[in-house]
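Chain by chain, the residues run as shown.
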Amino acid sequence: MSFVIDKTILDETVHCRKDFECLENDNSLCIAKKVESCVDGKVLFLKCNEMCTYRITYGNSAICNCPTRKEIFQKYNR
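Cut-offs used in this document
Residues numbered from 1 in each chain as written. Predicted model: local features only at pLDDT ≥ 70, side-chain atom pairs only at ≥ 80, totals over all residues. Heavy atoms only, no water. Pairing = 2+ DSSP bridges. Helix = DSSP H or I, 4+ residues; strand = E, 2+ residues; numbered from the N terminus. Buried < 20%, exposed > 50% of the residue type's maximum accessible area, 1.4 Å probe, protein only. Contact = heavy atoms within 4.5 Å. Salt bridge = Lys/Arg side-chain N within 4 Å of Asp/Glu carboxyl O. Core = buried A, V, L, I, M, F, W, Y, C linked by side-chain atoms within 4.5 Å.

Caption draft 1: Geometry of the pairing of strand 3 (residues 55-58). Both strand 3 and strand 4 (residues 61-64) contribute to a ladder of four bridges, which runs antiparallel. Within the sheet, the bridge partner assigned to I56 lies in strand 4 and is I63.

Right under this line is the structure:
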């Protein structure tokens, strides 16, 4: 599946080290890690140990702060 994300969101994702692999590859680590929960449509909790500039450790989970990943979740529920 290919995800279509607004250019303004992509421009906000300036620290992506994976060259936006999530937009074209359902098996990319960012998409393969399911969202455990979402708070107020803005805070994504994932089970993820992958190092990323957008990952914030929170107890046994991680918060994904990536603008592109958040938009994929909001638009495509993925």
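Let's pick the thread back up.
Caption draft 2: Structural detail: unusual backbone geometry. Even without being a glycine, D19 presents a positive backbone phi close to 55°. By secondary structure assignment, the location of D19 is in the loop between helix 1 (7-12) and helix 2 (29-32).

Caption draft 3: View of helix 3 (residues 67-76). Within the sequence span of helix 3, burial applies to P67, T68, R69, E71, I72 and F73. The inward-facing, buried residues of helix 3 contact helix 1, helix 2, strand 1 (35-39), strand 2 (43-46) and strand 4. Looking one or two places after helix 3, you find N77, whose phi comes out positive at around 50°.

Caption draft 4: Quick peek at the pairing of strand 2. As paired strands, strand 1 and strand 2 are joined by four bridges and run antiparallel to one another. Each bridged residue has a counterpart across the sheet, and for S37 the counterpart in strand 2 is F45. Hairpin connection from strand 1 to strand 2: three residues lie between these consecutive antiparallel strands, with D40 at a positive phi of about 55°.

Caption draft 5: Geometry of the pattern of salt bridges. Scanning all chains against the criterion turns up one salt bridge. When the shortest N-O distance is used, the salt bridge between D11 and K7 registers 3.0 Å. Taken together, the positions of D11 and K7, both in helix 1 and four residues apart, correspond to about one turn of that helix.

Caption draft 6: Just the nonpolar core, in detail. Grouped together as the largest cluster of nonpolar side chains are nine residues: V35, L44, L46, C48, Y54, A62, C64, C66 and F73. Broken down by secondary-structure element, the contributors of at least two residues to this core are strand 2 and strand 4. Core analysis: the second largest hydrophobic core is formed by seven residues, I9, C22, I31 and I72 among them.

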